[in-house]
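# Structural overview
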Amino acid sequence: MDTAYYRISEIKLSPDDEKSRIPEKICRKLGLEESDIIEWKIVKESIDARKKPDIRLVYTVDFLCDKKDILKRKGAKISLAPDETYEMPVCSSKPEKRPVIIGSGPCGMFAAYVLAHGGAAPLVIEQGSSMEKRVKDVEKFWNEGVLDTCSNVQFGEGGAGTFSDGKLTTGIKDIRIKKILEVFVKAGADEQILYKNRPHIGTDVLRKVVVNIRKEIESLGGAYMFDTRMTEILTEGGAVCGIAVEDTKTKDPGVIPADFVILAPGHSSRDTIRMLAEKDIKLEQKPFSMGVRVQHPQKMIDRAQYGDEKLAEKLGPADYKLNCRCSGGRGVYTFCMCPGGEIVRASSEEGGVVVNGMSYSGRDGEYANSALLADIKKSDLGSDDPFAGMELQEKYERLAFINGGSSYKAPETTWSHFREDDKAAGPVTGSLPDFVSDAIREAMPHLGKKLKGFDDPETLMVAVESRSSSPVRILRDNESRQSIPGLFPSGEGAGYAGGIVSSAVDGMKTAEKVIQAISSRK
């Protein structure tokens, strides 16, 4: 065999070791000389904290070597490194009309990226504002309580993930994931996201990265229309022929002809979902979750996870992921954990309160927070109406607004009050369905056994966390990814993803189908 790349796993270092020791560790396992390793790169880094405080960093590494018998050497997990190259599809012919993408979140952004690189010159329609204006709108809401219902934490360039921790963890496996991470790095994210087990970008860096990706799309012929809301899908003969739009500032209407529309609206675009029902686009209920944000001192989390809080200086602030199955079968779990972050208000509708978590790239805040959510099953909704879950969200967001003093101040309490269901907990428990509160009460002691201090009596609980995922799915054909000819529902808001990476993957897959459709036209 000629010189080849190999992949080896279970290479361990202590927190005090330099990464430069990795070749030495590989050589020990395989009986090589360091000169035998021509080059190497880290593929994955994770933390083994099972023997606290004796923490180990565990690596998977690809390395180039010309030793022919290397796969036969014992005592190491080794194989040929897989080819993880993503081949960007290209249109064989130029489309007559620009493909249109509704929404500039991760799904819409990466759909636009693939289409732009494929020569399709996409047009992205976003009801929110471009990044610079959006940041000002969000800060005005946080500082003054003035909500712009079109440009906020949920809507605007980059989508809801822009004002979060920028977590890139996902439960799916897909060759496109590596490409997504590479695009983020090219646009300004830290290259460590390419191999960290739980990579994140941070809201401060993500705001710059998103703009740089947009500029690349524009340089390839793509275009953006911000502050523009789609009001209707236009059809002719049962197929898409365009969209009706409205300027969110001037209210001026317009029509954009289109044969292909990728619908990536995000999980909070309720007006868009309702409009689709009026056009007889098929929708269905989808399980989702609701609950609260919980907050703890970050040092407590570091101590619980590492055994020594000082290790956070070398390993970074600790995170966690917890779950519990309650006696009635309902799941309770943590979601979107933000080390060194803060709880933020994330409303997008007047008279409703929503909370989320956010971290900056340094994750150097005093507190950690995460969503603590309980499953909402279809049987909880009381009907087959596709909007039943959305209406449940709206009901409790309005109650949270009232319970917060008829303002956008989120209701909060401590676990000690929530546990006893006393008067001080009323604003929070009154902002949740009873079965959600009951499930959280049952789960908290079990979660406290998994993570020491999680059920500390002073744990802050803030309501209401209601937008972790979409409660509605827009039905589409599995093969063509279309609901009607020319309409491609995609991403988290359409009910096909959850989080930045899986949404981006879904957007890329849809863009590939659009390129196929464009290329098949004579």
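This text gives an overview of the structure that appears in the document. (Residues numbered from 1 in each chain as written. Predicted model: local features only at pLDDT ≥ 70, side-chain atom pairs only at ≥ 80, totals over all residues. Heavy atoms only, no water.)

## Notes on the overall build of the protein
Of the regular secondary structure elements, the protein holds 13 helices and 21 strands. The C-alpha atoms of the protein give 24 Å as radius of gyration, which agrees with the globular expectation for 522 residues (24 Å, within 12%). The principal-axis extents of the C-alpha atoms in the protein amount to approximately 70 × 70 × 40 Å. A buried classification covers 57% of the 522 residues belonging to the protein. The contacts in the protein between residues at least 6 apart in sequence include a share of 71% that link residues at least 24 apart. Carbon and sulfur atoms form 47% of the exposed surface of the protein, whose accessible area is close to 22,600 Å². For the protein, the centre of its 75 positive side-chain charges and the centre of its 79 negative side-chain charges are spaced 4 Å apart. (Helix = DSSP H or I, 4+ residues; strand = E, 2+ residues; numbered from the N terminus. Rg over C-alpha atoms; globule rule 2.2 N^0.38 Å. Buried < 20%, exposed > 50% of the residue type's maximum accessible area, 1.4 Å probe, protein only. Contact = heavy atoms within 4.5 Å. Areas by Shrake-Rupley, 256 points an atom, 1.4 Å probe, with all protein chains shown as cover. Lys, Arg positive; Asp, Glu negative; His and termini not counted. Charge placed at Lys NZ, Arg CZ, Asp CG, Glu CD.)

## Let's talk about the environment of Val514
With respect to the element layout, Val514 can be found in helix H13 (residues 500-520). Since its relative accessible area comes to 0%, Val514 is described here as buried. Expressed as a C-alpha distance, the spacing of Val514 and Lys52, which sit 462 residues apart in the sequence, is 51 Å.

## Looking at the sheet that holds strand S21 (residues 487-489)
Pairing is parallel in the open sheet, where five strands are placed in the order S7-S6-S5-S11-S21. Unpaired on one side and paired on the other, strand S7 (223-225) and S21 mark the two borders of the sheet. Pairwise comparison of adjacent strand axes, ignoring direction, gives a mean angle of 20° for this sheet. As defined by bridge partners, strand S11 (residues 261-263) adjoins S21 across three bridges and the pair is classed as parallel. Residue pairing in the sheet places Leu263 in a bridge with Pro489 of S21. Contacting strand S5 (100-102), strand S6 (123-125) and S11, helix H2 (residues 106-117) crosses the sheet at an angle of about 165° to S5. (Pairing = 2+ DSSP bridges. Axes fitted to C-alpha atoms, helices over the stretch in contact; angles between N-to-C directions.)

## Details of a positive patch on the surface
Side chains of Lys12, Lys29, Lys51 and Lys77 sit close together on the surface and give a patch of like positive charge. Mapped onto the fold, Lys29 is located in helix H1 (residues 22-30). What makes Lys29 partly exposed here is its relative accessible area of 30%. (Patch = residues over 30% accessible without salt bridge, like charges linked within 9 Å, V, L, I, M, F, W, Y side chains within 5 Å. Salt bridge = Lys/Arg side-chain N within 4 Å of Asp/Glu carboxyl O.)

## Structural notes on the nonpolar core
Among the nonpolar cores identified, the biggest contains 127 residues, and Phe63, Phe184, Ile213 and Leu372 are the most heavily contacted of them. In terms of residue count, H13 provides more of this core than any other element does, 10 residues in total. Ranked by size, the runner-up nonpolar core spans 26 residues in total, among them Leu123, Ile233, Ala258 and Met390. (Core = buried A, V, L, I, M, F, W, Y, C linked by side-chain atoms within 4.5 Å.)

## So, unusual backbone geometry
In this chain, Lys52 is followed by Pro53 through a cis amide linkage whose omega measures -5°. Residue placement: Pro53 occurs in the loop between strand S2 (37-48) and strand S3 (56-65). Along the chain, Ala463 connects to Val464 via a cis peptide bond; the corresponding omega equals 0°. In this structure, Asp227 is a non-glycine residue whose phi angle is positive, near 55°. Relative to the assigned elements, Asp227 resides in the loop between S7 and strand S8 (228-236).

## Considering the sheet that holds S2
Within the open sheet, the four strands sit side by side as S2-S3-S1-S4. Their pairing is antiparallel. Edge positions in the sheet fall to S2 and strand S4 (77-80), since each of these pairs with one other strand and no more. Strand-to-strand, the axes of this sheet are offset by a mean angle of 20°, without reference to chain direction. Inspection of the sheet shows strand S1 (residues 4-13) paired to S4 by four bridges, in the antiparallel sense. Within S4, the residue paired with Ile8 across the bridge is Ile78. Of the strands in this sheet, S1, S2, S3 and S4 touch H1, which is tilted by about 100° from S1.

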